[in-house]
Amino acid sequence: MDNAVYPKIVYPERGIIFDRKGKAILNNAIMYDMMVTPAEIKGIDTLDFCRMMNIDTTEFNRRILDAKFKNTAVRPSIFEDLLTPEMQVRFEENSWKFPGFVLVQRPIRVYPFNAAAHLLGYIAEVTPKQIESSDAFYRMGDYVGQTGLESVYERVLMGQRGVQYLIKDNKNRLVGSYEKGEFDTAAIAGRGLRTYIDIELQQLAEKLMANKVGSVVALDPKTGGILAMTSGPNFNPNELTGPDKSKNYTRLVLDVRAPLLNRAIKGQYPPGSTFKPIDALIALEEGVITPRSGIACSGGYYACSKRVGCLETWAGHAANLRLAIAHSCNSFFCNTYRLIVDNNKYKNVKDGYQKWHDYMNAFGLGVRLGLDLPSEDKGNIPDTARYNREYRGQWNSCTNLTLGIGQDMMTATPLQLANAMCIIANRGYYYIPHFVRKIDDETGEDTAFLNKYRRKHEVLTHIPDDAYDAVQNGMHDVVEEGTARIAKIPGIDICAKTGTAQNFTILDGKKLELPNNSMFVCFAPKEDPKIAIAVTVENAGFGSTWAGPIARILMEKYLNDTLQTKSKEDLERISNANLMPKYYIRKQQIDDSIRAFQWFKMTKDSSYIKKYVFENSSLPGSKKDKNKEKQNNKEEIAIWNDKKTQRQKQLART
C-alpha cells in the first residue's frame with residue numbers, strides 16, 4: 001500500500017464572503033502546491049530538478065531538511081507553494097523523473113474588487129505552533145485565516161479536507177484511482193458569510209483616503225453593521241495571495257507608514273471637539289446641566305488659573321447647550337466636565353471622576369467594543385490610579401480640565417467615535433459594531449456566536465427627549481451654520497461635529513510639532529438615521545478641510561446612490577491629494593540604515609550601507625591594498641556603532 005497507493009489530500013474551497021447586496025467580495029481560484037515526501041525521493045537528478053525550479057542545490061537541501069524536521073520524512077510537506085502556471089506546466093511534463101514530488105490543487109483567495117484588505121484578511125500555511133494549539137486538527141500544508149474575517153470566522157470558512165487514493169506505477173506516476181474511489185472522501189466547501197459591507201462605499205472610502213494616513217468608519221446605527229472601514233495607507237489584498245505573497249508581505253512589513261496596521265481599530269487619537277456631544281449627554285444624565293444651561297464666554301476659560309482658549313469671542317455664543325455645541329465652545333464644555341466630577345452627590349473629586357470614567361466605558365470608550373475582527377485596541381481613558389501616580393494623589397478637576405474637550409490623556413479609535421455617534425443617533429442605545437449579518441446554513445453554534453451582535457446595549461435611553469433634541473439640534477446647527485457647513489447635502493438633515501487635535505513626534509532626537517489631525521463625526525438623516533461616520537486624516541489641519549468633505553461624499557453616495565457635481569469635483573480633488581506626512585521619509589531612512597548596518601555586521605557586505613556612510617568616498621572592496629581595506633572596515637564599524645547607539649536612543653525616546 002505504501003509503495004503503490006498515494007493518499008492525495010483534496011483541499012476544500014473556502015467559504016465565500018458577500019457584501020450587503022450579495023456581491024462576492026472574496027472568492028476562490030485554483031493554483032497548485034508542489035508537495036514532497038522526502039523518503040520517496042530516490043535516484044533523481046537533483047541538478048536537473050533545481051534547474052527546472054530555478055533554485056540551487058543548497059536551497060534544495062535546505063527545503064528537504066526543513067520538510068523532514070517539520071513533518072517527518074514519510075509525510076508530504078509543501079516544497080513550493082502556489083506555483084506559477086509556467087512552473088506547473090514544466091513540472092507536469094517532467095514529473096515522471098522526480099519520484100517523491102507531486103502537485104496538489106490549492107484553492108487560493110481572490111479579491112475581485114481589490115478592496116477591503118484590512119477587513120477580509122489573508123490566509124497562509126499553518127505554523128507548527130498553530131498545529132500544536134489545534135491539538136493536531138490542522139496538518140502541515142493546511143491554510144488558515146491569519147487576520148481579518150478570515151481569522152475570526154475560520155471555523156465557518158475553512159470547510160473539510162478530503163482524501164483521494166491514487167495508484168502509482170513503477171515509475172511513480174499517478175495512473176488512476178485506487179479501487180475506483182471506494183475509499184475516497186470528498187472535500188466539503190466552507191460556508192459563506194453575508195456581511196453589511198457595501199463594497200461600492202468601501203471602494204469610494206479607499207479612493208478618498210489614497211496617499212493619506214488615517215481612517216474612515218461607516219456604521220448602520222440601527223444594527224451596528226459596518227458598512228465600510230478603511231485605513232490609510234492601504235494595500236491591494238491580492239498582494240498577499242499567489243506566488244509573490246511572501247515578497248509583498250516583507251515589503252509591507254518594512255514600510256514605516258505601517259500599511260498593514262488597521263488604524264480604524266488600532267489608531268488612537270485624541271477625539272478633540274468630536275467628544276463634546278458625549279460630554280453634554282453625561283452632564284444631562286447627571287442633572288448638572290439642562291438644555292437651557294449656558295456660560296458667559298469671551299474667548300477662553302480662566303477658572304483654573306490657566307487659560308483654555310475658545311474660537312468664538314462674541315457674547316451669547318454659549319448661551320445654551322444647543323448654541324454651545326453649534327459653536328464648539330471650549331469654555332462651556334470645560335466647565336461641564338468640572339460640574340460632572342465635582343458633583344456634590346459624590347464624596348470627592350476622585351469618586352466623581354470614577355463615575356465619569358464609568359460613563360466613558362458605557363459609551364464604548366476606553367474599552368474594546370468586541371467587533372468581529374482581531375486585535376482591536378481599547379483607546380485610553382485614564383483611571384484615577386493613573387492620575388494618582390502622575391500627581392502623587394494631589395489632583396482635582398482643574399488638573400485634567402481638557403478631558404471635557406477630548407484632550408489631556410484621552411484617546412479613542414475611529415470605530416469608537418463612530419459607535420458613539422450611533423448612541424446619539426439612536427437616542428441612547430447601540431449594537432456592537434460587526435461585519436457579519438448572517439452565516440449560510442447557520443448552526444446553533446453560529447447563532448450563539450452572533451447573538452452578542454444582535455443584542456441592544458442601552459446606555460442612556462431614559463434621558464428626556466428635549467435633552468437629546470438639544471444635542472442633536474446643536475450638531476445639526478454645526479452643519480447649517482457652524483464649522484461643518486462643508487458637509488451639507490441638499491434635502492438631507494445632517495448632524496455633525498468637527499474636531500482637531502495637536503500632534504507631535506520625535507525625529508532625530510527632537511520633538512517635532514505636526515499639523516493637527518483632521519477629525520469629523522456625523523450621522524444622517526437626523527430624523528431617521530441610516531449611517532454614522534467617523535473620519536480621521538492625520539496631520540491634515542481642520543476637520544472641515546479634509547475629513548468633512550470625505551464624510552459628505554460617503555453619506556451622499558450611500559443615501560442617494562449618486563453624487564452631485566460639487567461632490568464629484570471634491571472626490572477628484574481629495575483622492576488626488578497627497579497628504580502623506582513628510583517625516584516618514586526620514587523615519588524610513590533611519591529604519592533602512594539600521595537594517596543595512598545589521599546586514600553588514602552579519603555578512604561584511606558593505607554595499608547596502610554605502611549611501612548612509614560613505615556617499616562620497618570609496619568603500620572596502622575597492623582596489624586599495626588589504627591593510628588599508630581592513631583599516632577602513634574598522635573605521636566604518638566604529639562610525640556605525642556610534643550612529644546605531646544614537647538612533648537607538650532616538651527610537652527609545654520615540
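Report follows, based on the coordinates.

Criteria and thresholds
Residues numbered from 1 in each chain as written. Predicted model: local features only at pLDDT ≥ 70, side-chain atom pairs only at ≥ 80, totals over all residues. Heavy atoms only, no water. Helix = DSSP H or I, 4+ residues; strand = E, 2+ residues; numbered from the N terminus. Buried < 20%, exposed > 50% of the residue type's maximum accessible area, 1.4 Å probe, protein only. Contact = heavy atoms within 4.5 Å. Lys, Arg positive; Asp, Glu negative; His and termini not counted. Charge placed at Lys NZ, Arg CZ, Asp CG, Glu CD. Pairing = 2+ DSSP bridges. Axes fitted to C-alpha atoms, helices over the stretch in contact; angles between N-to-C directions. Core = buried A, V, L, I, M, F, W, Y, C linked by side-chain atoms within 4.5 Å. Polar contact = N/O pair within 3.5 Å; in protein donor to acceptor, adjacent residues only side chain to side chain. Phe/Tyr/Trp six-rings, centres within 6.5 Å; stacked < 30°, edge-to-face > 60°. Expected span 1.5 Å × (residues − 1). Arc of directions from axis to C-beta. Patch = residues over 30% accessible without salt bridge, like charges linked within 9 Å, V, L, I, M, F, W, Y side chains within 5 Å. Areas by Shrake-Rupley, 256 points an atom, 1.4 Å probe, with all protein chains shown as cover. Salt bridge = Lys/Arg side-chain N within 4 Å of Asp/Glu carboxyl O. Disulfide = S-S within 2.5 Å. Parallel < 35°, antiparallel > 145°, perpendicular 65-115°, else oblique. Left-handed = near helix turned anticlockwise from the far one by under 90°. Nonpolar A, V, L, I, M, F, W, Y, C, P; charged D, E, K, R; others polar. 1 Å grid on protein atoms, 1.4 Å probe; cavity = no way out; pocket = protein on both sides within 12 Å on 5 of 7 lines; lining within 4 Å. Points joined across faces, edges and corners; volume = space filled by probe spheres on them.

Things to note about the overall build of the protein
Looking only at helices and strands, the protein has 23 helices and 20 strands in total. Based on the C-alpha atoms only, the size of the protein along its principal axes is roughly 95 × 75 × 55 Å. In the protein, which comprises 654 residues, the share counted as buried stands at 53%. Considering only contacts within the protein whose residues lie at least 6 apart along the sequence, 71% involve residues at least 24 apart. For the protein, the distance from the average site of its 88 positive side-chain charges to the average site of its 77 negative ones is 5 Å.

Quick notes on the environment of lysine 611
Looking at the element boundaries, lysine 611 is found in helix H22 (residues 610-613). Using a relative accessible area of 52% as the deciding quantity, one classes lysine 611 as exposed. Expressed as a C-alpha distance, the spacing of lysine 611 and glutamine 598, which sit 13 residues apart in the sequence, is 15 Å.

Concerning the sheet that holds strand S19 (residues 510-524)
Within the open sheet, the five strands sit side by side as S12-S11-S20-S19-S18. Their pairing is antiparallel. Only two strands of the sheet have a single neighbouring strand rather than two, namely strand S12 (226-232) and strand S18 (495-507). Ignoring strand direction, the axes of neighbouring strands in this sheet form an average angle of 10 degrees. By the bridge criterion, twelve bridges tie S18 to S19 in an arrangement that is antiparallel.

Describing the nonpolar core
Looking at soluble globular proteins, one finds that nonpolar side chains tend to be buried together. Judged by nonpolar contacts, the single largest core of 140 residues is most densely connected at Met229, Leu321, Trp356 and Ile533. The element contributing the most residues to this core is helix H16 (residues 414-425), with nine residues. Formed by 19 residues, the second largest nonpolar core is a distinct cluster that contains Ile44, Phe60, Ile64 and Phe101.

As for the side chain of aspartate 446
Among the secondary structure elements, aspartate 446 is positioned in helix H17 (residues 444-450). Exposure remark for aspartate 446: the relative accessible area of 0% places this residue in the buried category. Side-chain polar atoms of aspartate 446 contact the backbone nitrogen of threonine 443, separated by 2.9 Å. Aspartate 446 has contacts with Arg155, Val156, Arg191, Ile439 and Asp441, leaving out every residue within four places of it along the chain.

Looking at the packing of aromatic side chains
If you walk through the whole model with that rule in mind, you get 23 aromatic pairs. Centroid distance phenylalanine 332 to phenylalanine 333: 5.0 Å. Interplanar angle 70 degrees. Geometry classified as edge-to-face. Seen from their ring centres, phenylalanine 449 and tyrosine 453 are 6.1 Å apart, and the 70 degrees between their planes marks the pair as edge-to-face. Accessibility expressed as a relative area gives 28% for phenylalanine 449, which makes it partly exposed.

Comments concerning helix H14 (residues 349-362)
The first and last C-alpha atoms of H14 sit 20 Å apart over 14 residues, in line with the 20 Å expected at 1.5 Å per residue. All of the buried residues along H14 are Val349, Gly352, Tyr353, Trp356, His357, Tyr359 and Met360. Burial along H14 is one-sided: seen end-on, the buried residues are contained in an arc of 155 degrees. Turning to H14, the residues buried within the fold contact helix H11 (276-286), helix H13 (330-341) and helix H15 (384-391). Just downstream of H14 lies glycine 364, where phi reads positive at about 85 degrees.

Brief notes about a nonpolar patch on the surface
Taken together, the side chains of Tyr249, Val253 and Leu254 define a hydrophobic patch exposed on the protein surface, amounting to about 240 Å² of accessible area. In this fold, valine 253 is placed in helix H9 (residues 245-253). For valine 253, a relative accessible area of 45% translates into the label partly exposed.

As for the state of the cysteines
Applying the stated rule across the entire model yields one disulfide. Put simply, cysteine 304 and cysteine 398 are joined by a disulfide, and their sulfur atoms are 2.0 Å apart. Handedness of the cysteine 304-cysteine 398 disulfide follows from its S-S torsion of about -70 degrees: it is left-handed. Of the two residues, cysteine 304 is situated in the loop between strand S13 (300-301) and strand S14 (308-309) and cysteine 398 in the loop between H15 and H16; the sequence distance between them amounts to 94 residues. Of the two residues, cysteine 304 and cysteine 398, both sit in the buried class. Of the cysteine sulfurs around cysteine 334, a residue in no disulfide, the closest is that of cysteine 304, at 7.9 Å. Using a relative accessible area of 0% as the deciding quantity, one classes cysteine 334 as buried. The cysteine cysteine 422 is free of any disulfide, with cysteine 522 supplying the nearest cysteine sulfur at 11 Å.

So, the packing of H11 against helix H18 (residues 465-481)
Across the interface, H11 lies against H18 with an axial gap of 10 Å and an inter-helix angle of 165 degrees. Judged by the inter-axis angle, H11 sits roughly antiparallel to H18. For the pair H11 and H18, the sense of crossing is right-handed. Of the residues in H18, those touching H11 at Pro277, Ala280, Leu281 and Leu284 are Ala467, Tyr468, Val471 and Met475. Residue classes in the contact of H11 with H18 are distributed as eight nonpolar, no polar and no charged.

Some details on the layout of surface pockets
For the largest pocket, the calculated volume is near 1000 Å³. Lining of the largest pocket is provided by 42 residues; of these, Thr500, Ala501, Gln502, Asn503 and Asn517 occupy positions nearest its centre. Only helix H10 (263-266), S14, S18, S19 and helix H21 (583-603) provide two or more residues apiece to the lining of the largest pocket. Looking at the lining of the largest pocket, the element that brings in the most residues is S18, giving nine residues. Split into classes, the residues belonging to the lining of the largest pocket amount to 15 nonpolar, 20 polar and seven charged.

Side note on the packing of H14 against H15
Taken N-terminus to C-terminus, the directions of H14 and H15 make an angle of 135 degrees; their axes are 10 Å apart at the nearest point. Judged by the inter-axis angle, H14 sits oblique to H15. Taking contact as the criterion, the partners of Lys350, Tyr353 and Gln354 in H14 are, on H15, Thr384, Tyr387 and Asn388. Across the contact of H14 with H15, the residue classes break down as two nonpolar, three polar and one charged.

As for the pattern of salt bridges
Side chains that differ in sign of charge can pair as their charged atoms come close. Tallying each qualifying case throughout the model produces 36 salt bridges. A salt bridge links arginine 454 to glutamate 442, with the shortest nitrogen-to-oxygen separation between them at 3.3 Å. Residue arginine 454 is located in the loop between H17 and strand S17 (457-458), and its partner glutamate 442 is located in the loop between strand S16 (436-439) and H17; the two are separated by twelve residues in the primary sequence. Overall, arginine 454 belongs to the partly exposed group, its relative accessible area being 38%. When the shortest N-O distance is used, the salt bridge between aspartate 570 and arginine 573 registers 3.5 Å. Within this pair, aspartate 570 and its partner arginine 573 are both found in helix H20 (residues 565-576), separated by three residues, close to a single helical turn. On the basis of relative accessible area, aspartate 570 is assigned to the buried category, the value being 8%. Its relative accessible area of 37% is what places arginine 573 among the partly exposed residues.

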